[in-house]
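Listed below, chain by chain, are the residues.
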Amino acid sequence: MVARKKPSTMVARKKHYRPPGKKKEGNASRYVTRSQAIKQLQVTLGFFRRLSILKGIFPREPKKKFKGNNHTYYHVKDIAFLQHEPLLDKFRDIRAYQKKIKKAEAKKNADLATLLRTREPTYKLDRLVRERYPKFVDALRDLDDCLTMVHLFAALPAVERAKIDVELIHNCRRLSHEWQAYVCRTYKLRKVFISVKGIYYQAEIEGQKITWLTPHAMQQVLPDDVNFSVMLTFLEFYETLLGFVNFRLYHSLNVKYPPILDPKLEALASDLYALSRYIVSNTRTSTLEPKAASSSPSEQLEAKEKEMQADESELRLAQLQHQLPSNEPGALMHLMEGAECENEDDQDTKECKRLFKNMKFFLSREVPRESLLFVIPAFGGVVSWDGEAAPYKEADQSISHQIVDRPTQGHRYLSREYIQPQWIYDCINAWIILPTEAYMVGRIPPPHLSPFVDNDAEGYVPDYAETIKRLQAAARNEVLPMPGVGKEDLDDPQNLLVEGYISRAEASEAAQTKKKMVTLEKQYHEELQSELQGAVMKKSKQGSTEHAKASEESVPDPKQIAEDIETMSKLGMSRKKRGLLEAIEKRKERNTARISKLKERKKKLKSSEN
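Given the structure is predicted, the values throughout are model-derived calculations rather than measurements.

Visitor: Please clarify how the overall build of the protein chain should be interpreted in this entry.
Guide: A count of helical and extended segments in the protein chain gives 27 helices and 9 strands. Residue burial in the protein chain is summarised as follows: out of 610 residues, 34% are buried. Considering only intrachain contacts with a sequence separation of at least 6, the fraction spanning at least 24 residues in the protein chain is 61%. Counting only carbon and sulfur atoms, one obtains 54% of the accessible surface of the protein chain, whose full area is about 40,300 Å².

Visitor: Just checking my understanding: could you explain the packing of aromatic side chains for this structure?
Guide: The relation between two aromatic rings is expressed through the spacing of the ring centres and the mutual angle of the planes. For the structure shown, the criterion picks out 16 aromatic pairs. Measuring from ring centre to ring centre gives 5.2 Å for Phe48 and Tyr74, while their planes differ by 80 degrees; the resulting arrangement is edge-to-face. Of this pair, Phe48 sits in helix α3 (residues 45-55) while Tyr74 sits in strand β2 (residues 73-75), placing them 26 residues apart in sequence. Under the relative-accessibility criterion, Phe48 is labelled buried at 2%. Chaining the aromatic ring pairs together yields one cluster made of Tyr133, Phe234, Phe237 and Tyr238. The cationic tip of Lys360 hangs over the ring face of Tyr392; the distance from NZ or CZ to the ring centre is 4.2 Å.

Visitor: What should I look at first to understand the pattern of salt bridges in this one?
Guide: Between side chains of opposite charge, a pair can form as their charged atoms come close. A complete count under the given rule lists 17 salt bridges for this structure. Residue Lys55 is joined to Glu131 by a salt bridge in which the shortest nitrogen-to-oxygen separation is 2.6 Å. You can see Lys55 sitting in helix α3 and its partner Glu131 sitting in helix α7 (residues 126-132), a full 76 residues away along the chain. The exposure class of Lys55 is buried, given its relative accessible area of 4%. Between Asp396 and Lys360 there is a salt bridge, with its nearest N and O atoms 3.0 Å apart. In this pair, Asp396 sits in the loop between β7 (382-385) and β8 (401-403) while Lys360 sits in strand β6 (residues 360-363), placing the two residues 36 residues apart along the sequence. Neither Asp396 nor Lys360 differs from the other in exposure class; each is buried. Here the residues in one salt-bridge network are Lys55, Glu85, Arg127 and Glu131, joined through shared partners.

Visitor: Is there a simple way to think about the UniProt feature "coiled-coil region" (unreviewed entry) in the protein chain in this case?
Guide: Residues annotated in UniProt with the feature "coiled-coil region" (unreviewed entry) correspond here to residues 87-114 and 581-608. Structurally, residues 581-608 is divided into 100% helix and 0% strand, and its ends, taken at the C-alpha atoms, are 41 Å apart.

Visitor: How should I be thinking about the sheet that holds strand β5 (residues 208-214) in this particular structure?
Guide: In a beta sheet, neighbouring strands pair by backbone hydrogen bonds and run either parallel or antiparallel. The antiparallel open sheet is built from 3 strands, whose spatial order is β3-β4-β5. The open sheet terminates on both sides in strands that have one partner only, identified here as β3 (189-194) and β5. Each neighbouring strand pair of the sheet contributes to a mean axis angle of 15 degrees, computed without reference to strand direction. Across 7 bridges, the pairing between strand β4 (residues 199-205) and β5 is antiparallel. Looking at the pairing, Ala203 lines up with Ile210 of β5.

Visitor: I keep staring at the side chain of His151 and nothing clicks. Help me out?
Guide: Here His151 is to be found in helix α9 (residues 144-154). There is a polar contact of 3.1 Å between the side chain of His151 and the side chain of Gln180. Sequence-distant contacts of His151, that is, excluding residues within four places in its chain, are made with Ser176, Trp179, Gln180, Trp212, Leu213, Thr214 and Pro215.

Visitor: So what exactly am I meant to see when it comes to the packing of α9 against helix α11 (residues 228-252) here?
Guide: Two quantities define a packed helix pair, namely the angle between the helix axes and the distance between the axes. Interhelical geometry of α9 versus α11 gives an angle of 110 degrees and a closest axis separation of 9 Å. Relative to α11, the element α9 is oriented roughly perpendicular. As α9 runs across α11, the sense of the crossing is left-handed. Contacts between α9 and α11 involve Asp145, Cys146, Leu147, Met149, Val150, Leu152 and Phe153 from the first element and Met231, Leu232, Phe234, Leu235, Tyr238, Leu241 and Leu242 from the second. Each residue belonging to the contact of α9 with α11 can be placed in one class, and the counts come to 13 nonpolar, no polar and 1 charged.

Visitor: Explain the environment of Gln422 here, please?
Guide: Checked against the element boundaries, Gln422 lands in helix α19 (residues 422-430). Along the primary structure Gln422 and Tyr439 are separated by 17 residues, whereas in three dimensions their C-alpha atoms are 7.5 Å apart.

Visitor: I keep staring at the nonpolar core and nothing clicks. Help me out?
Guide: Nonpolar side chains in soluble globular proteins generally cluster together in the buried interior. Ranked by size, the top nonpolar core spans 98 residues in total, and within it Phe153, Ile164, Trp179, Leu189, Leu241, Phe356 and Ile424 carry the most contacts. No other element matches α11, which puts 11 residues into this core. Core analysis: the second largest hydrophobic core is formed by 5 residues, Tyr97, Ile101, Ala104 and Ala113 among them.

Procedures and definitions
Residues numbered from 1 in each chain as written. Predicted model: local features only at pLDDT ≥ 70, side-chain atom pairs only at ≥ 80, totals over all residues. Heavy atoms only, no water. Helix = DSSP H or I, 4+ residues; strand = E, 2+ residues; numbered from the N terminus. Buried < 20%, exposed > 50% of the residue type's maximum accessible area, 1.4 Å probe, protein only. Contact = heavy atoms within 4.5 Å. Areas by Shrake-Rupley, 256 points an atom, 1.4 Å probe, with all protein chains shown as cover. Phe/Tyr/Trp six-rings, centres within 6.5 Å; stacked < 30°, edge-to-face > 60°. Lys NZ or Arg CZ within 6 Å of the ring centre and 35° of its normal. Salt bridge = Lys/Arg side-chain N within 4 Å of Asp/Glu carboxyl O. UniProt positions renumbered as here; feature names shortened; annotations may be inferred. Pairing = 2+ DSSP bridges. Axes fitted to C-alpha atoms, helices over the stretch in contact; angles between N-to-C directions. Polar contact = N/O pair within 3.5 Å; in protein donor to acceptor, adjacent residues only side chain to side chain. Parallel < 35°, antiparallel > 145°, perpendicular 65-115°, else oblique. Left-handed = near helix turned anticlockwise from the far one by under 90°. Nonpolar A, V, L, I, M, F, W, Y, C, P; charged D, E, K, R; others polar. Core = buried A, V, L, I, M, F, W, Y, C linked by side-chain atoms within 4.5 Å.

This is how it looks when you write it as structure tokens:
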């Protein structure tokens, strides 16, 4: 007989399942994957991506990814927010209409296809801008990427395969020049830095620091691995946002927006210069209007008649600007000097306005013209260039500085200085007029230091940064210690008397006060020492003298105490926080190693020069 096997007592566990009708819990109820969101909204991936960019909805990272790490997750509330968006219906209508156009083209009905294209539905993003930025400060705070994107596309060539048309580039160029003209007119530019990527600018408007990057004026090559459809979706929203911001900023100057430019200057690609002329002429007329309101009725009638004769319409104003002599020396800049800036409350704006005051610059052909035309007037300078419609010619004897980037010049004027373009940017970052000897033509200029780096926080201060600091102190009539001399040596009244900074009476008074402070400090240290000795004497009364000596010897080292406290704090941390702390410590070690390497390199250079 075959023995039967005993049935096993182990019962197989049933897999946990969610009964139908029961709600999800945890991350599964709060997040959905991208495929689930597309299925819920009933749109394609391209439309979903476009709608998310326009609405400002981005993927989230849940703590526990219930579907795996290879999925993109969105919050349920964000998808519900998209589900009630009117643009969703508009996109569906556009998609259905495009199918009609394709159907007409497939049937070779060209007339119907062209008719349908003229009636294609459109949409506006004005409501989305007001929805995402309820306050103007919010829009300014989020303007960095917007300006960088707009300036990038303003420098790109028109490419049909990437759907970058000429009209889009012209619009981006117009918006960027309008922004630069406002910053230049109100003297709000603060920092400039030229890097390999491009030129970094920083402006401060209504307390918000706005930093953007502009590409160099070179031939741009479009790479194949960049998704331009996503960038164009971002640009579509950024164009509307920058238009809103420019509208608000121009109206704060009592200037009409959009501006009407001089057609001659616009044809010569001098848009920034034309915008500056437009803003100045409009601000002058707006400042004259309140004065006319306080005059008598007869004077008001005469003023109205003069206004009607001089400016019948906005188009007539543009024509009058066109009739102004383009070769008149300083035609724009005389107006700039006469017009007063309304927003001069802060000290920084006043200093920026006075930096290049009473200086006239001329740009040669080889220098970056657009950047210098933006930067120099933003700091109170007067600038012209070699070309048509320039305010003044190269032969003007009142030019103080000519910016060149060639080792040799055909004709030199003795009444002006020939400098390299880096001098302008270094003066702007230092906020003082630097000596021009190091920036002369044919010489290797000093290092171009970044104004966005805090040298004291980094732990390494370059030599030229120390030189600039001393020049700034000399401009402010401050006293700085010489290299190798500490602050305590500078505070010594005898040293100040020898240097000639204070008189003999002031030196004697300062010496007496210093002597009093030293005696008080000594007295304080003696009292502390006596208190410590009294505590030790009490302990010695309780025990023997040998025990007291042993206790004095057993006082722990303060460094050891600090290390013990640090290890104890590390033990109490979680694994995540401990990892962050270790990463911070590693970064500090890398910085110290980098700084020591730079110092060694500097020593080697000095030794090789000697």
